[in-house]
Every structure is written in C-alpha cells, then in structure tokens.
Amino acid sequence: MPILVITGTGTEVGKTVTTAAVAAAAVAAGRSVAVLKAAQTGVRPDERGDADEVARLAGAVTAAEVARFPEPLAPGTAARRAGLRPVRPQDVAEAAAKLAAEHDLVLVEGAGGLLVRFDEAGGTLADVARLLNAPVLLVASAGLGTLNTTELTARELRARELELLGVVIGSWPDSPDLASRCNVADLPEVAGAPLLGALPAGAGVLSPADFRAVAPSWLSARLDGNWDAEAFRTREAA
Ligand SMILES: Nc1ncnc2c1ncn2[C@@H]1O[C@H](COP(=O)(O)OP(=O)(O)OP(=O)(O)O)[C@@H](O)[C@H]1O
Ligand SMILES: [Mg+2]
C-alpha cells in the first residue's frame, strides 16, 4: 500500500489528526512517510496548513501541498474567487506518484468530504484515487449523522470501483452518547468495510512526543498499529 487516500465524512471530522496518527504509526514501524494535502483552503501563505500540522504531530515526515487558497471554501470555489488556477485531480495524482517514488508510504489528505470539487470540471478526490488506483481510508465522526454520510461515501467509492480500506473514528468522546456507542457496530456495517481505529478526543492537543508514543494504540495492524478492536467494542459499544 504505497499510497493511501484519506477522506472524511465531512470537514472537521479529524482527517488531519488521523492522517498524523497513521503517519506516526508508519514511522514507528520504520517506514518513510510523505503527506500530501491535495488542496489547502482557508490559510494565508504564511500560515500552517494541514500537512504542516501532520508533520508537527508525526515527526519525521515529508509534508507537501499541491496548492493553497486563502478563503475557507471548497477548493474549486476558492480558486475561482481568488483568480488562481484550480487544482486538477491529475495534479494531485502526479504529486503523489512523485512522492511515492521516494517514500514507503504517501498519505493524500483531501479537503472536506469525498465529492468536494477541486476544479470547474468537477474533479474530486475520488478521481485522484482512481488515477492512482489507491485505496481510500474514511475518517468518520462518532455520533448522530455519521451513518448516513459514511454509507453515502462507501456507496460512491463502490460505484467507482474504488477500494474502501476501512473507517477510522476521528474523535472518540470521553463519555460517548448512545448514538456513538451504537455506531461502533453500525459504522462497519454501513461502510461494508472494517473499523480500523478510533482516536480519542483530545488526541490532537497532546504533545508531539506523547502523540507519537500512543498513536499506534489507536490504529489497527492494517495501519501499522496495535489497536485492540475487540477490547474497544467490549468497552465502548452499546
Ligand atoms: N481526536 C482529536 N483530538 C483532538 N482534537 C481533534 C481530534 N480530532 C479532531 N480534532 C480537532 O478538531 C478540529 C478538526 O480536526 P481536523 O483538522 O483533523 O479535521 P479535518 O477533517 O482534517 O478538516 P478539514 O476538512 O478542514 O481538513 C481541529 O481543531 C482538531 O484539532
Ligand atoms: Mg484537515
């Protein structure tokens, strides 16, 4: 699995923090890692983007962005409003392939959810995954509403004959409500793919040293971690 595309059930679900955890676990397993933010919106040239945040938390990884646009909008809209050339799926695929030649693992983080548009032709992260023939990891929110967006995303991937590697819960609450606890069983069911981990709420504010030390315990072996899915289900599921 040299390239893994990371999408989410929406924006702010924990894609960046999850990408950092996957990167940290892979680094701990001795792999060289690059993270590529397909299109960074909502940051000025001097501000830190998602790829920078992954590098801060995960450590020795190469961080790259294809392009950035100042307004916090879908990349296609942000590019148009800024009068800048939009990112095309092919640009992202080429940048990822280049990084894959020099790293064991390349993590491509999208913007928002799977069908957020990059350009005026309607190109999306799904097209990037298709061009790269890369599996997709879906970061899902924990609570009410996530079953619908998870199933919609899984169905779209299937319709495009893309591989959904699994689902990671981006932020698992300290005191999960009933919906979150039921979702532990229902998420893999509606996704048609395994639950591959859960990041505890607050993971993103750990010190980088602590984050790297515990990241593998949030992720299954498929993601270079040692997360005990059965113990998680026994402890947390309704
Ligand atoms: N497990 C977590 N622990 C602590 N904070 C978290 C966790 N998951 C997400 N957050 C916080 O929630 C916010 C959104 O998370 P994140 O940036 O990872 O979302 P995203 O899915 O990458 O969003 P975007 O679509 O903008 O890329 C951030 O402020 C982040 O620090
Ligand atoms: Mg992000």
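For the structure, see preceding data.
Residues numbered from 1 in each chain as written. Chains lettered and ligands numbered in written order. Predicted model: local features only at pLDDT ≥ 70, side-chain atom pairs only at ≥ 80, totals over all residues. Heavy atoms only, no water.

K.L.:
So, the side chain of Thr18: which residues are in play, and what are the values?
P.N.:
On the secondary structure map, Thr18 appears in helix H1 (residues 15–28). By relative accessible area, which is 0% here, Thr18 ends up buried. When sequence neighbours within four positions are dropped, the list of residues in contact with Thr18 reads Val139, Val168, Gly170 and Leu199. (Helix = DSSP H or I, 4+ residues; strand = E, 2+ residues; numbered from the N terminus. Buried < 20%, exposed > 50% of the residue type's maximum accessible area, 1.4 Å probe, protein only. Contact = heavy atoms within 4.5 Å.)

K.L.:
An account of the environment of Val5 is needed here, citing residue identities and associated values.
P.N.:
Here Val5 shows up in strand S1 (residues 3–8). In the structure, Val5 is positioned 70 residues away from Pro75 in sequence and 17 Å away in space, judged by C-alpha atoms. Val5 has contacts with Val108, Leu125, Ala129, Ala134, Pro135, Val136 and Leu137, leaving out every residue within four places of it along the chain.

K.L.:
Before we move on, could you go through the side chain of Lys37 and cite the residues and values that matter?
P.N.:
Here Lys37 shows up in strand S2 (residues 33–37). The class for Lys37 is buried, based on a relative accessible area of 5%. In contact with Lys37, other than residues within four places in its own chain, are Asp50, Ala51, Ala64, Glu65, Val66, Glu109, Gly110 and Ala111.

K.L.:
Explain the sheet that holds strand S6 (residues 105–113) to me, and be specific about the residues and the numbers.
P.N.:
In spatial order, the strands read S4-S2-S6-S1-S7-S8-S9; together these seven strands make up an open sheet with parallel pairing. Each having just a single partner strand, strand S4 (61–65) and strand S9 (195–200) make up the two edges of the open sheet. Averaged over all adjacent pairs, the angle separating strand axes in this sheet is 20°, with direction ignored. Here S2 pairs with S4 via five bridges, running parallel. Paired with Val35 across the bridge in S4 is Ala63. Packed onto the sheet, helix H6 (residues 146–159) meets S1, strand S7 (136–140) and strand S8 (164–172) and runs at close to 170° relative to S7. (Pairing = 2+ DSSP bridges. Axes fitted to C-alpha atoms, helices over the stretch in contact; angles between N-to-C directions.)

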